[in-house]
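Per-entry structural report
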Amino acid sequence: MDGQEFTALAPGTPMTGTATTGSPGSETLDELLARSAQRFGTPQFLYDTGAIEARINKLRAAFGGRFALSYAVKANPNPGLLAWLRDRVDYLDVSSIGEFHRGRNAGWEPARASFTGPAKRDHELREAIGGGLGELIVESLREARRASAIAGALGRVQDVMVRISPDRVPKGFGGHMAGQTSPFGIDVEDVDTALPEIAALPNLRIVGLHIFSGTQSLRAEAIVENYALLAEIFRQVSARHDLRPRKLVFGSGLGIPYHEGDMPLDLGAVAAETVPMLDALRAEPRFAETRLTLELGRYLVGEAGYFLVRVVSIKRSRGRTIALCDGGMNNHLPASGQFGMVIARNYRMHLVGADPEAEPVDVDLSGPLCTSIDRLARGIRLPPLAEGDLIAVHQSGAYGPTASPLGFISHGLPVEVLATGQGLVGTGRVSLCVEAPR
Ligand SMILES: Cc1ncc(COP(=O)(O)O)c(C=O)c1O
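Residues numbered from 1 in each chain as written. Predicted model: local features only at pLDDT ≥ 70, side-chain atom pairs only at ≥ 80, totals over all residues. Heavy atoms only, no water.

**Describing the confidence of the model for the protein chain**
Rule in force here: pLDDT runs from 0 to 100 and stands for how confident the predictor is about each residue. Any two residues whose heavy atoms approach within 4.5 Å are treated as being in contact.
Chain-level pLDDT for the protein chain is 92 on average; 93% of the residues reach the 70-or-more range. Confidence drops under a pLDDT of 50 for residues 1-24, and excluding neighbours within four residues, the segment shows 67 contacts in the predicted structure.

Encoded structure:
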């Protein structure tokens, strides 16, 4: 097995030759997945940069460049991916000082980073502010006071955006961060009292407003309604407090189709309704210089990732077949249905190199853990499996290792690989540690 060291990708790496954009030779997706599994081992996460590039281009084209893009590191903090994204998206949103360091280590200027998170500790504020953070996303009055004191002690004035928690999230989002009792941001009902206090703090400068209220929506009309709601809050709060924001952050809510039968989001429909609304906002003198920004993770990288596991053995138990695999919920908690899913549903997946003539049969897939919830699939239809077979779980580019109990039962860490126009680049085993700047 090679490629265990982190190899930073040069900016401008050409994007032909990856799994979804077609290769210079005629390598198919399955040939690529098999080659990567053979070379780097399993369990493995493979990220196709060509697919991410296509997604970035699609987003920029749909909104005609009206939105800058801010990548939420929590979705996938792989060091090679962060380095690759550096010249392709505009900003980085970090939610811990560890993610801030990861961004810096991947070559991001700290001024392009914003810092969200409901319970930031003093040492995180100190390191981020002292380290040249772009904008602190202030989530409470208390945090604003602490940040101002810390910035003062460092002899700095820190740019901040105030995170607002709306009182309503339209139906159709898989996860809600507002519209109910919420740890995130300042309730919209309380903004009018909090904002003047924040504005009066000596070492903070309010440069914008931020809302992230809902995630994982596949319904264009719900996203459109939400953006309109966010814009109205931004408009009213800015007017009441005479703000001329440098930036307004729209939490994207853009979802991806994880399961059989999910219809992909119609981004064109979202853009068709949203663009006139954004233009109307920008036409107001107060917002003439405002950078409108979409903050997102899964929509950028989720569909570009494959989780590769090998079948260790096949078991028959009480009339059912179980394929026991070398990776499971320890590597990929969301695929096991244990992360933000009310009803566990199978991720899309396929047998790599399957005989197209093979008749699919019902099978359960489980991982190597000694717990019955370690399932990658229940009753999925796949060609008959055998020991050594390679399974590719789709939609695995976001909230894979980063959202999984990697240490549980000490099975070792999965490897991660980027597929690029220059070939396969191993970025080593998933790293858990938070590296301080080198
Ligand atoms: C503040 C914030 N920004 C961005 C994201 C990324 O969300 P998604 O991956 O659904 O785009 C999240 C997700 O929870 C979030 O809480």
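**Structural notes on the nonpolar core**
Keep this limit in mind: We define a nonpolar core as any set of buried Ala, Val, Leu, Ile, Met, Phe, Trp, Tyr and Cys residues linked to one another through side-chain atoms lying within 4.5 Å. Each residue is assigned to one of three classes by its accessible area relative to the maximum for its type, calculated with a 1.4 Å probe on protein chains only: buried under 20%, partly exposed between the two thresholds, exposed over 50%. Helix and strand definitions here come from DSSP, where helices need a minimum of 4 consecutive H or I residues and strands a minimum of 2 consecutive E residues; each element is numbered from the N-terminal end. By convention here, the domain bounds are inherited from an automatic or database domain assignment.
Counting residues in hydrophobic clusters, the biggest one holds 108 residues, and the most contacted among them are L59, Y71, F250, L254, L294 and L365. Broken down by element, the residue count for this core peaks at 11 residues, all from helix α8 (residues 220-240). Residue contributions to this core reach at least three from each of two domains, namely domain 1 (29-47 + 303-429) and domain 2 (50-301). Y71 has contacts with N76, L81, L82, L85, V89, Y91, L92, D93, L296, G297, L300 and V301, leaving out every residue within four places of it along the chain. Ranked by size, the runner-up nonpolar core spans 14 residues in total, among them L32, A37, L308 and L390.

**Considering the site of the ligand**
The criterion, for reference: Here a residue is near a molecule or strand as soon as one of its heavy atoms is found within 4 Å of it. Throughout this description, a polar contact denotes any pair of N or O atoms lying within 3.5 Å of each other; where both atoms belong to protein, one of them has to be capable of donating a hydrogen while the other can accept it, and for residues adjacent in sequence the pair is counted only when both atoms sit in side chains. Using the Shrake-Rupley algorithm and a 1.4 Å probe, accessible areas are obtained, with residue cover drawn only from the displayed protein chains. In this count, Pro and Cys sit with the nonpolar residues alongside Ala, Val, Leu, Ile, Met, Phe, Trp and Tyr, while Asp, Glu, Lys and Arg are called charged and the others, Gly among them, polar.
Within the structure, the ligand sits among A72, K74, R163, M177, F212, T215, E295, L296, G297, R298 and Y399. Contact between the ligand and Y399: an oxygen atom at 2.6 Å from a side-chain N or O atom of the residue. Its free accessible area being 400 Å², the ligand has 92% of it covered by the protein chains. Taken together, the residues of the shell around the ligand sort by class into five nonpolar, two polar and four charged.

**Some thoughts on the packing of helix α5 (residues 122-130) against helix α6 (residues 141-153)**
Selection criterion: Lines fitted to the C-alpha atoms define the axes, with helices restricted to the stretch that makes contact. Angles between their N-to-C directions range from 0 to 180 degrees. Our angle categories are set so that under 35 degrees counts as roughly parallel, over 145 as roughly antiparallel, 65 to 115 as roughly perpendicular, and the remainder as oblique. Should the near helix be turned counterclockwise from the far one by less than a right angle, the crossing is left-handed, whereas a clockwise turn marks it as right-handed.
Between α5 and α6, whose axes approach to 10 Å, the crossing angle comes to 50°. The pairing of α5 with α6 is recorded here as oblique in orientation. The chirality of how α5 crosses α6 is right-handed. Residues D122, L125, R126 and I129 of α5 form the contact with α6, whose own contacting residues are E143, R146, A147, I150 and A151. Of the residues contributing to the contact of α5 with α6, the split by class is five nonpolar, no polar and four charged.

**Brief notes about α6**
What counts here: Here the expected span of a helix is defined as 1.5 Å times the quantity of residues minus one.
Here α6 spans 19 Å end to end across 13 residues, near enough to the 18 Å set by a 1.5 Å rise per residue. The set of residues buried in α6 consists of E143, A144, A147, S148, I150 and A151. In this structure, the buried side of α6 is in contact with α5, β5 (135-138), β6 (158-165), α7 (191-200) and β9 (204-211). Directly after α6, the chain includes G155, whose backbone phi takes a positive value near 70°.

**Some words on the domain arrangement of the protein chain**
To keep it simple, the criterion reads: Defined in terms of a 1.4 Å probe, buried area is the accessible area two parts forfeit on being brought together, summed over both. Within this document, salt bridges are pairs made up of a side-chain nitrogen of Lys or Arg and a carboxyl oxygen of Asp or Glu, the two lying within 4 Å of each other.
Domain boundaries in the protein chain define domain 1 (29-47 + 303-429) and domain 2 (50-301). The distance between the C-alpha centroids of domain 1 and domain 2 comes to 32 Å. The interface of domain 1 with domain 2 comprises 18 residues on the first partner and 20 residues on the second. Buried surface at the junction of domain 1 and domain 2, summed over both partners, amounts to about 1800 Å²; 49% is from carbon and sulfur atoms. The interface formed by domain 1 and domain 2 holds two salt bridges in total. Connecting domain 1 to domain 2 are 15 residue pairs in polar contact (both at pLDDT 80 or more).

**Notes on unusual backbone geometry**
In this structure, the amide linkage connecting T42 to the following residue, P43, adopts the cis form with an omega of -5°. The residue P43 is located in the loop between α1 (29-40) and β1 (44-48) in this model. Unlike most non-glycine residues, Q216 shows phi in positive territory, near 50°. Note that Q216 resides in the loop between β10 (214-215) and α8. Residue Q216 is classed as buried on the basis of its relative accessible area, which comes to 16%. Look at R318: it is not a glycine, yet its phi comes out positive at around 45°.

**What about the packing of aromatic side chains?**
To keep it simple, the criterion reads: Any pair of Phe, Tyr and Trp rings, taking the six-membered ring for Trp, is counted once the centres come within 6.5 Å. Such a pair is stacked with planes under 30 degrees apart, edge-to-face with planes over 60 apart, and tilted for the rest.
Inspection of the entire model under this criterion finds nine aromatic pairs. Both rings, one in Y258 and one in Y347, keep their centres 5.0 Å apart while their planes meet at 40°; by these two values the pair is tilted. With Y258 in the loop between β11 (247-251) and α9 (267-283) and Y347 in the loop between β14 (320-325) and β15 (349-351), the pair connects residues that are 89 residues apart, well separated along the chain. Of the two residues, Y258 and Y347, both sit in the buried class. One aromatic cluster in this structure is built from F63, F67, Y227, F234 and F250.

**Side note on the packing of helix α4 (residues 97-105) against α5**
Two numbers describe how α4 lies on α5: the axes approach to 9 Å, and their chain directions differ by 25°. Judged by the inter-axis angle, α4 sits roughly parallel to α5. Once α4 is placed against α5, the crossing between them reads as left-handed. In this structure, α4 uses I97, F100 and H101 to contact α5, whose residues at the interface are H123, E124, E127 and A128. Across the contact of α4 with α5, the residue classes break down as three nonpolar, two polar and two charged.

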